[in-house]
Amino acid sequence: MQQPISDRVNDFAIKLANVNGTGSASANGLLMQAIFRMGIPVSGKNLFPSNIQGLPTWYEIRVNKSGYTARALDYDLMVAMNSQTYGRDIHEVREGGYVLYDSTWPLDSALLRDDVTFLGVPFAQLCNENFRDSRERILMKNIAYAGALVAVLNIDMNLVGALLDEKFASKKALRDSNHRAVRLGYDYAKNHFDCPLPFHLETMDANADKILIDGNTATALGCIYAGATVAAWYPITPSTSVLDAFKGFCEKYRRDPETGKNNYIIIQAEDELAAIGMVIGASWNGARAFTSTAGPGISLMNELLGLAYYAEIPAVIIDVQRVGPSTGMPTRTQQGDVMECAYASHGDTKHILLFPSNPNECFEFAPKAFDLAERFQTPVFMLTDLDIGMNDWVVPRLTWDEAYKPERGRVLSAEELEKMAKFQRYTNEDENFVAARTLPGVHPKGSFFTRGSGHNKLGGYTETPDEYQEVLDRLLKKHKASAKFVPEPVIQRRGDSQFGVITLGGCDLAVREALDLLAGRGVVADFMRLRGFPFSQTVEDFLGEHDFCFVIEQNRDAQLRSLLTLETAVSKDKLRSVLVYGGFPLSARHVVNGILNSLGTPDTPELSTAGANMPTSEMDE
């Protein structure tokens, strides 16, 4: 049951509809930051088109005092600023909700709803009367609607003012214009509406020691922390901002303070194929190197990824997944690259994959990716997605451990080489089936030559079946051994569970919320979020404990389910899929309805995920 709309504080969802290219991002970000600084759990989802301007764009904000901040599908308030989508936007408002719109022009009577309250503010008229420049009028209209929301939602006006002062500290004219626009919307709402609305905000203290950050920025900072000094890339949505942020951090932290010289190199290659080649070359020379890309880029990199796997050269690939196939929808989110990355390249290849679920884990897993790549001398993929990478998340403050030392793997020193009669590149493996490598220029005995075609364990060319298979078999053993070193899955067990639920990445929050909703109705399940591949024994054990498991993922072809059936002993009929792949972030309602339908209860009413105040989940194992 939906709670009455009048009974909710710090527990609602709003949606802001606008036109791409009109500057609404600044207003939306201002609202998000203000709510965050009020100490309230909050999330923001930017649903934007792939063109530069003109098409509809939406921004969704959800606040929930219990910390349920996955995407909601029920909106208590719609800010309707795009006349082209009025019909759709007003239709999405829940019964008893509100619509805030620009009343400079009257609404078509066909759009009106008796069960919704309309709040008209003449934003365009107010801005035309108070600003002279035409572009400024457009931009300030968005800041004015932010001001109206400050009033009706009870956002702390002092915080909003402080945020504007911080942002425009060196631009007095812009600062003054923004303050004036906020005040225009705020004063009008205060003078014409009952403020605040029945659902509104009150200051909390739930964000202590937390930060607001997007996954791409956190990833870039993690690469700095890991000691990365080389990045090669080709621009592609939604991963471009990884390198933008990395460049900024390098300029601050990778520049010699005495000489002013850069201790890093960032290369924009002519395409993704060249980018991965540069990364492999730099890694072979001993640098910690990486590239950031998306699915189409991985497709182009396949042959050289196979070379790095076969020649055993470290490389880190940050894959910020988007919708495919082909170009697909570049500004929509998906988990469509799981199989592509696991087996990238033709022939027999298997790669190490890491699956962070939020920006905090992006920061944490980036050093792990470099450590694994060098420990096992192989490409390592970190798969995020557009929702994690480009949206702001509230996460625990990133922890920088000064004692961290990079794991460089088996790299022979000049002294070790001097004592050797002869260096053989692909033999004398350790307990993890990893042979020692050398770096160019360290010692003459460490030099070697091998081909991208068939080679034996000594590094020599071969087309002899037994010699070729010997090398491939060791590579497979090495890959399996890495399962002990990838991050363990997060598991949550509940008493009297009826089945298991498995997911990965950015689905985490929605799935956890869904399981709490289901548990409230007597449908109890255990939870496992996978964080790495190859799968460890812990994964096998979880699968074996349950008669069946649901696999929740965001792609059409059940790629995670396929990977589980290929790489574990689980039988295919024990895994049931819940698939959501339209391009928007996952909601708990998708998961709840998918599971209930599969269990044979399709007549169960859809559960609302906005306005729900549910018990806190049990602790993770």
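Let me sum up the structure you'll find in this document. Remember, it's a predicted structure, so these values are computed and weren't measured experimentally.

**Looking at the sheet that holds strand E19 (residues 549-553)**
The strands making up a sheet associate through backbone hydrogen bonding, with each pair oriented either parallel or antiparallel.
(1) Moving on: What the five strands build is an open sheet, ordered E15-E17-E16-E19-E20; its pairing is mixed. Every interior strand has two partners, whereas the edge strands, strand E15 (490-492) and strand E20 (575-579), have only one. Strand-to-strand twist across the sheet, computed as the mean angle between neighbouring axes with direction ignored, equals 20°.
(2) Moving on: Relative to E20, E19 runs parallel, the two being bridged by five bridges. Paired with Ile552 across the bridge in E20 is Val578.
(3) Moving on: Docked against the sheet, helix H19 (residues 588-598) engages strand E16 (499-504), E19 and E20, running at close to 140° with respect to E20.

**Some points on the pairing of E19**
(1) Moving on: Summarising burial for E19: five of the five residues are buried, a large majority.
(2) Moving on: Here E19 shows two buried faces, one formed by Cys549, Val551 and Glu553 and the other by Phe550 and Ile552.
(3) Moving on: Two strands pair when backbone bridges link them, and E16 and E19 are joined in this way by three bridges, in the parallel orientation. Counted as the bridge partner of Ile502 is Val551 from E19.
(4) Moving on: Chirality of the crossover, the property in question, places the unit of E19, helix H18 (residues 559-567) and E20 among those that are right-handed.

**A look at the packing of aromatic side chains**
Between two aromatic rings, the relevant description is the distance of the centres plus the angle of the planes.
(1) Moving on: According to the stated counting rule, one finds 17 aromatic pairs in the structure shown.
(2) Moving on: Taking the centre distance of 6.1 Å and the plane angle of 85° together, the rings of Phe290 and Phe370 count as edge-to-face. Note that Phe290 is positioned in strand E10 (residues 289-293) and Phe370 in helix H12 (residues 359-376), a separation of 80 residues in sequence.
(3) Moving on: Both rings, one in Phe363 and one in Trp400, keep their centres 6.3 Å apart while their planes meet at 40°; by these two values the pair is tilted. Remark: Trp400 occurs in the loop between strand E14 (392-396) and helix H14 (414-419) and Phe363 occurs in helix H12; sequence separation between them is 37 residues.
(4) Moving on: In this structure Phe363 comes out as buried when scored by relative accessible area, which is 4%.

Cut-offs and rules
- Residues numbered from 1 in each chain as written.
- Predicted model: local features only at pLDDT ≥ 70, side-chain atom pairs only at ≥ 80, totals over all residues.
- Heavy atoms only, no water.
- Pairing = 2+ DSSP bridges.
- Helix = DSSP H or I, 4+ residues; strand = E, 2+ residues; numbered from the N terminus.
- Axes fitted to C-alpha atoms, helices over the stretch in contact; angles between N-to-C directions.
- Contact = heavy atoms within 4.5 Å.
- Buried < 20%, exposed > 50% of the residue type's maximum accessible area, 1.4 Å probe, protein only.
- Right-handed = clockwise from strand over helix to strand, strands pointing away.
- Phe/Tyr/Trp six-rings, centres within 6.5 Å; stacked < 30°, edge-to-face > 60°.

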